[in-house]
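Listed below, chain by chain, are the residues.
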Amino acid sequence: MFSRRGGDIWGRRGGGGVGGQRPLKHGMKGMAARLSVALIVLVICTLSLFSTIGVTRPSNRVEVVDVNKLWRSSNPGGWRPSSAPRSYWPPPPKENNGFLRVRCNGGLNQQRSAICNAVVAARIMNATLVLPELDTNSFWRDESGFPGIYDVEHFIEALRYDIHIVRSLPEVSSKGKTKKMKSYQIRPPRDAPLSWYTTFALEKMKEHRAIYLTPFSHRLAEDIDAPELQRLRCRVNYHALRFKPHIMKLSTEIVDKLRSQGHFMSIHLRFEMDMLAFAGCVDIFTPKEQKILIKYRKENFAEKELVYRERRLIGKCPLTPEEVGLILRSMGFDNTTRIYIAAGELFGGDRFMKPFRTMFPHLENHSTVGPSEKLEENARGLVGSAVDYMVCLLSDIFMPTYDGPSNFANNLLGHRLYYGFRTTIQPNRKALAPIFMDREEGRAADFEDRIRQVMFNSKFGGPHKRVHPESFYTNSWPECFCQMSPKDPADKCPPDNIMETLDGQLQNEESDDLDPSNMSNKSNNSASRSTGD
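Residues numbered from 1 in each chain as written. Predicted model: local features only at pLDDT ≥ 70, side-chain atom pairs only at ≥ 80, totals over all residues. Heavy atoms only, no water.

A. Layout of the sheet that holds strand β10 (residues 265–268). Spatial strand order, β12-β11-β10-β13: four strands in an open sheet with parallel pairing. Of all strands in the sheet, those with a lone pairing partner are β12 (363–364) and β13 (397–400), marking the two edges. As judged from the four bridges shared by β10 and strand β11 (residues 339–342), these two strands associate in the parallel manner. Pairing of histidine 268 across the sheet is with alanine 342, part of β11. (Pairing = 2+ DSSP bridges. Helix = DSSP H or I, 4+ residues; strand = E, 2+ residues; numbered from the N terminus.)

Laid out in structure tokens, this is it:
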């Protein structure tokens, strides 16, 4: 197509056809004039092209970033974390529509987001939340449960302005016998809208007095047009959900030991069997290891044809430990950098860690620091994951190596943002993949420069607009942040006495409940107050 079109153009310029001939003298002058014009146009276009390249994308210049500055938190831009209500937020009425039970499945952080959703569901349904159940079978096979991981008293107290919480369903009397209230079991739809809870689920609750939602992972839509409910999620996630004192103490001891020798970085090294099998990235392993991963995938995930090279090019493969080391070294971190590794059992053995350890020998995990006997006792299951979570939260820099479906990384990114815009390094695996593949195929020219071009084009944990598919739990800005002098009134920080205001409303509610004349009014108004906005 292109060659034929080119012939037509040149044909028209030649005069086209018999009778288009001109005397040679005039033809030569015309040709010289045309060549002069063409030469001038070519020079102008060339200068314009180089000028454009120089402005938008220098071909051999890399932005210089002082990595020492990354040890400090990112610029907050006048924002600060705030999840307190900014509009009228009535306390939970004594009279409500029933009890809500939920079973939170998955790992620690998947359960954590489910707990946040359960509190929101209880609020909009005007229900009493039964202390959430943590699944003991699907992930860790850990029977610690909510009371074994979280501070129950603090959880109930912190949410007293939002919902009522009980440890278990009450007992009821029937035919002279006392037995525990039964709950009606429902499987909620994935990412259900608020309306599902205020219609179908609420109807069943009123009918049975108690409902049991199971499983409860990702059962409430993240993007809801209700800023106060989003702030309630943040109050649960970043204030009410506090680990038990022994977990906090253990985490603090590890952080203190690491920080006694200077700054330290934490890395969530997601190079584990379940994630590798899920991603379909098996080609770098031995035939025996590939069989293990393929078998695990068939048993746990939907069948799908996955091509390793294609998966890698679109950024779906977790970074290898060696790739993590090459990224850090290219950015300018030296071999004295102290690194805490948060990870389960790495797949493929020590051969994958050896290159990383050669580049960065000061590697630690929760089994190599702190009081070893306590860590040995607590390093497994949900408790071990909780310790890793706290150490990563408190570290100077956090780097996830796979933040796709990783709830651990996603929640930490959001928590560190809320905790004061603490620095995060987020590798763009899709942009990095061709650079690593070129290196593996012998094309390593400008390797570190190309890595820096990708890595220094990052936010490093500062405030930024949430863009799909970024999760609310990864980035709760702007709903859970405020400014003292905002351009938009919706971003204004609540008054300093907000807690006193909420406490006064709660005391008034309790006082009103003692007045018999108010009982009928409360019953009539309970439905209209259940949304909380």
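B. The arrangement of helix α17 (residues 429–440) in detail. A rise of 1.5 Å per residue sets the reference length of α17, with its twelve residues, at 16 Å; its end C-alpha atoms lie 16 Å apart and thus fit the reference within 8%. Immediately beyond the C-terminal end of α17, within one or two residues, lies glycine 442, with a positive phi of roughly 90°. (Expected span 1.5 Å × (residues − 1).)

C. The arrangement of helix α12 (residues 321–331) in detail. For α12, the buried fraction is high: nine of the eleven residues fall into the buried class. Of the residues making up α12, those classed as buried are Pro321, Glu323, Val324, Gly325, Leu326, Ile327, Leu328, Ser330 and Met331. Taken from the residues just after α12, glycine 332 is the one with a positive phi, measuring 115°. (Buried < 20%, exposed > 50% of the residue type's maximum accessible area, 1.4 Å probe, protein only.)

D. Broad picture of unusual backbone geometry. The omega torsion across histidine 468 and proline 469 is 10°, close enough to zero to call that bond cis. With respect to the helices and strands, proline 469 occurs in the loop between α18 (447–455) and β14 (481–483). With omega at 10°, the peptide bond leading from tryptophan 477 into proline 478 counts as cis. Its identity as a non-glycine residue notwithstanding, aspartate 191 has a phi of 50°, on the positive side. Non-glycine residue aspartate 446 carries a positive phi angle of around 55°. Note on placement: aspartate 446 falls in the loop between α17 and α18. For aspartate 446, a relative accessible area of 53% translates into the label exposed.

E. View of the packing of α12 against α17. The interhelical angle for the contact between α12 and α17, taken along N-to-C directions, is 105°, at an axis separation of 12 Å. The orientation of α12 relative to α17 falls into the category roughly perpendicular. Seen from α12, the contacting residues are Glu322, Glu323, Leu326 and Ile327; seen from α17, they are Leu432, Phe436, Arg439 and Glu440. Of the residues that constitute the contact of α12 with α17, the class distribution is four nonpolar, no polar and four charged. (Axes fitted to C-alpha atoms, helices over the stretch in contact; angles between N-to-C directions. Parallel < 35°, antiparallel > 145°, perpendicular 65-115°, else oblique. Contact = heavy atoms within 4.5 Å. Nonpolar A, V, L, I, M, F, W, Y, C, P; charged D, E, K, R; others polar.)

F. Seen up close, the nonpolar core. Counting 76 residues, the largest nonpolar core has Leu100, Phe155 and Tyr197 as its most contacted members. With residues near it in sequence (within four places) discarded, phenylalanine 155 still touches Ile115, Val119, Leu131, Pro132, Phe146, Ile165, Val236, Ala240 and Leu241. By size, the runner-up hydrophobic cluster in this structure holds 32 residues, among which are Trp71, Met359, Ile451 and Phe456. (Core = buried A, V, L, I, M, F, W, Y, C linked by side-chain atoms within 4.5 Å.)

G. Structural context of the state of the cysteines. Applying the stated criterion across every chain yields a total of three disulfides. Disulfide pairing places cysteine 234 opposite cysteine 480 at an S-S distance of 2.1 Å. Between cysteine 234 and cysteine 480, the S-S torsion sits near 95°, and that sign places the bridge as right-handed. Within this pair, whereas cysteine 234 is found in helix α7 (residues 227–240), its partner cysteine 480 is found in the loop between α18 and β14, the two being separated by 246 residues in sequence. The class of cysteine 234 is buried, set by a relative accessible area of 1%. Take cysteine 480: its relative accessible area is 0%, and that puts it in the buried class. One disulfide in the model links cysteine 281 with cysteine 317; its S-S distance is 2.0 Å. Here the disulfide of cysteine 281 and cysteine 317 is left-handed, its torsion about the S-S bond being about -95°. With cysteine 281 in the loop between α9 (273–279) and α10 (287–300) and cysteine 317 in the loop between α11 (308–313) and α12, the pair connects residues that are 36 residues apart, well separated along the chain. Per residue, the accessibility class of cysteine 281 equals that of cysteine 317, and both read buried. Across the protein, the disulfide pattern expressed with sequentially numbered bonded cysteines is 1-4, 2-3, 5-6. (Disulfide = S-S within 2.5 Å.)

H. Geometry of the pairing of β13. Of the two faces of β13, the one holding Ile397 and Met399 and the one holding Phe398 and Pro400 are both buried throughout. Two elements, β10 and β13, share four bridges in a ladder whose sense is parallel. Looking across to β13, one finds that methionine 265 is bridged to isoleucine 397.

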